[in-house]
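So you can see what is in the structure, the chains are spelled out below.
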Amino acid sequence: MEAEYQTGSVDETWSVARSFAGELKPGDVVALEGDLGAGKTTFVQGLAAALGAKRPVTSPTFCLVVEHPTETLLLVHLDLYRLHGPDDVLDLGWEDYLSRGAVLLVEWPDRAGELIPGDAWHVRLEPGADEDARTIRFMKCRM
Ligand code: ADP
Ligand code: MG
């Protein structure tokens, strides 16, 4: 799947996230790319809500990893901003989550380096023409 959407509000970003949520399977890794304020956490909010997660999604910057169980999937939201590399990421229980079939939603995926699998989803959020506009691009590489 390769697709690009323009959104003009948080609600529109949530609606794109809701459509994407239906594509997710156990063990998927979603690399959420984009600068601070791009809308990565906002996107995860829409995605988790669509799948019926009970707990509200906030930025995991200070706790690094937050689990959001849903009826069908365990969503694990990670913010790697403060980490230095793959070893730190492994310490968060990365492999354990994957072996349990969790879906990993990863902000600042560059910190994870080679831990991001070749078949990960890449979702890139970028600022648009005005303050509330965003471009959201989806790429899935099958290698
Ligand atoms: P990140 O996690 O990428 O740092 P956040 O999701 O925490 O970004 O913040 C995005 C900010 O941009 C929020 O304050 C949100 O309300 C605002 N925003 C404005 N328009 C949009 C939009 N179209 N999509 C997503 N966020 C938007
Ligand atoms: Mg964030």
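Residues numbered from 1 in each chain as written. Chains lettered and ligands numbered in written order. Predicted model: local features only at pLDDT ≥ 70, side-chain atom pairs only at ≥ 80, totals over all residues. Heavy atoms only, no water.

A.B. asks: Is there a simple way to explain the site of ligand 1 in this structure?
C.D. replies: Within the structure, ligand 1 sits among 15 residues, and Thr13, Gly37, Lys40, Thr42 and Asp132 are positioned closest to it. Here Ala38 contributes a backbone N or O atom positioned 3.3 Å from an oxygen atom of ligand 1. In the complex, 75% of the free accessible area of ligand 1, which totals 570 Å², lies under the protein chains. Those elements that place two or more of their residues in the shell around ligand 1 are helix H1 (10-21) and helix H2 (40-50). If one sorts the elements of the shell around ligand 1 by residue count, H2 sits on top with three residues. (Near = heavy atom within 4 Å. Polar contact = N/O pair within 3.5 Å; in protein donor to acceptor, adjacent residues only side chain to side chain. Areas by Shrake-Rupley, 256 points an atom, 1.4 Å probe, with all protein chains shown as cover. Helix = DSSP H or I, 4+ residues; strand = E, 2+ residues; numbered from the N terminus.)

A.B. asks: Please clarify how the environment of Gly52 should be interpreted in this entry.
C.D. replies: Examined against the element boundaries, Gly52 turns out to sit in the loop between H2 and strand E3 (65-69). The partly exposed category is assigned to Gly52, whose relative accessible area is 32%. As a C-alpha pair, Gly52 and Asp88 span 36 residues in sequence and 30 Å in three-dimensional space. (Buried < 20%, exposed > 50% of the residue type's maximum accessible area, 1.4 Å probe, protein only.)

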